[in-house]
Amino acid sequence: MVHNGELKEFLRSRRARLRPEEFGIADTAGGRRVPGLRREELARLAGVSVDYYVRLEQGRSLNPSAAVLDAIARALRLDDAERAHLFDLARPPAVPRRPPRRPQRVSTATYQLLETLDQAVSPALVLGRRMDVLASNHTARALIADFNALPARRRNYARFVFLDDAARDLHPDWASVAADTVAALRLDAGRHADDPELSALVGELSVHSAEFRRWWADHEVLARTSGTKLYRHPLVGELTLTYQALKPPEDPDQTVFVYTAPPGTPAHTALRLLAQWSTEAGEPDPARARLSG
C-alpha cells in the first residue's frame, strides 16, 4: 500500500460523491463524464490552484501543509475520521525500519478491567493494529467467538467477519457490520501503511471475499466510538447491545470495546443466561490469551 496511490484514490472517491447542485454549480456543459465535482471546481472551493490540486490528486510527490489539507477537507466535506485519514495519507513516506514490530501486549490493568466486566456480564474485547483480537473476556467469547481457541496469528476480527460463516449467522445485519469493519480497517491502513502484516491481511481478505474487495475499493473510513449492535445467538436469540470504544493510555493502537445492556432488559437477561451456560460448559477462564507475535 503506497501512500501516493492511496491518497489519489481517496481524493477521487470523496470528490465523486459530492453533488454539484449542492454547491450552486450549474451543469452548463450539458452533461458530466464523471460523477461529482470536477477537479477545477474542487480546487476553487478549497482555494488552491487547479494545477496544485491536480498534482496532489495524481499522487505526485508533494508535501501539502496542514492549512492546505484543512481547506481540501472542508471543500470535500470530510468528517473527523475522513479528515484524519487524509492527513495520514498525505504524510511523507516513512523511513524504512527494521521489521517486524514488537507484538502488542495487553496491560495487567486492562486484563483486570475485562474480568471486572465479566462480573457485570458485559462482553469486552481488545483490538489492536489490523483489528487483531489481543484479549477478550469470558462473556465476549461466549457471545461472539472463542478467539482463545484459535492460533495466535488467526485471532483477527476482520478475518472472523469475512471468513467465518458463524459471523453471518451472528449478525442479522451482516452487510452493515462487514462494511463498517472494512472502513475501520481502511482507517488503520492509513495510519500504518508500512505494516507488511496489514498488507498481507488485506490481500488475504481480497482473495477470499468479493464483498471485501468491493467495499475496500470504496475508500470509506470509520472511527468507531459508540453505537448499538444487533446479535442473533443460536442459544439466546436476538439481543441488541450498546457498545463503547475505550483507549488504554499505554497504547493508542489498542481499543477496548465494551458491550452493555441495561439490567432487567431482555438483552441483559440473555447475557446472564449465556454467561451461565458457557461457565457450565467448562470454557477455560479467564481472558489470559496473549498474542505471541
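The structure presented is a predicted model; accordingly, all values stated were derived computationally and were not measured. (Residues numbered from 1 in each chain as written. Predicted model: local features only at pLDDT ≥ 70, side-chain atom pairs only at ≥ 80, totals over all residues. Heavy atoms only, no water.)

*Asks:* Report on the pattern of salt bridges, specifying residues and quantitative values.
*Replies:* According to the stated counting rule, one finds 23 salt bridges in the structure shown. In this structure, Arg232 engages Glu238 in a salt bridge whose closest nitrogen and oxygen atoms are separated by 3.4 Å. Using a relative accessible area of 39% as the deciding quantity, one classes Arg232 as partly exposed. Bridged by salt links that share partners, the residues Glu9, Arg12, Arg15, Arg39 and Glu57 form one connected network. (Salt bridge = Lys/Arg side-chain N within 4 Å of Asp/Glu carboxyl O. Buried < 20%, exposed > 50% of the residue type's maximum accessible area, 1.4 Å probe, protein only.)

*Asks:* Break down the sheet that holds strand β1 (residues 124–127) for me, with residues and values.
*Replies:* Taken together, the five strands give an open sheet; going across it, the order is β2-β1-β5-β4-β3, and neighbouring strands pair in antiparallel fashion. The sheet terminates laterally at β2 (133–136) and β3 (226–233), the two strands that pair on one side only. Each strand axis lies, on average, 25 degrees off the axis of its neighbour in the sheet, ignoring direction. Taken together, the five bridges between strand β4 (residues 237–246) and strand β5 (residues 255–260) define a ladder with antiparallel strand orientation. (Pairing = 2+ DSSP bridges. Helix = DSSP H or I, 4+ residues; strand = E, 2+ residues; numbered from the N terminus. Axes fitted to C-alpha atoms, helices over the stretch in contact; angles between N-to-C directions.)

*Asks:* Talk me through the packing of aromatic side chains; I want residue IDs and the actual numbers.
*Replies:* Taken as a whole and assessed by the stated rule, the structure comprises ten aromatic pairs. Relative to Phe160, the ring of Phe147 has its centre 5.7 Å away and its plane inclined at 75 degrees; by these criteria the two rings are edge-to-face. With a gap of 13 residues between them, Phe147 in the loop between α7 (138–143) and α8 (157–163) and Phe160 in helix α8 connect regions that are remote in the sequence. Phe160 matches Phe147 in its accessibility class, with the two residues each being buried. Centroid distance Phe162 to Trp174: 5.7 Å. Interplanar angle 75 degrees. Geometry classified as edge-to-face. Here Trp174 lies in helix α10 (residues 174–191) and Phe162 lies in helix α8, a separation of twelve residues in the sequence. (Phe/Tyr/Trp six-rings, centres within 6.5 Å; stacked < 30°, edge-to-face > 60°.)

*Asks:* Which residues make up the nonpolar core, and what values do they have?
*Replies:* Membership of the largest hydrophobic core comes to 42 residues, with the highest contact counts inside it found for Ile144, Tyr157, Phe160, Phe162, Leu185 and Leu241. Sorting elements by how many residues they give to this core places α10 first, with six residues. Ignoring sequence-local partners within four residues, the contact set of Leu241 consists of Pro123, Leu143, Gly227, Thr228, Lys229, Tyr231, Tyr259, Thr260, Ala261, Ala267 and Leu271. Core analysis: the second largest hydrophobic core is formed by 24 residues, Ala43, Tyr52, Leu69 and Ala75 among them. (Core = buried A, V, L, I, M, F, W, Y, C linked by side-chain atoms within 4.5 Å. Contact = heavy atoms within 4.5 Å.)

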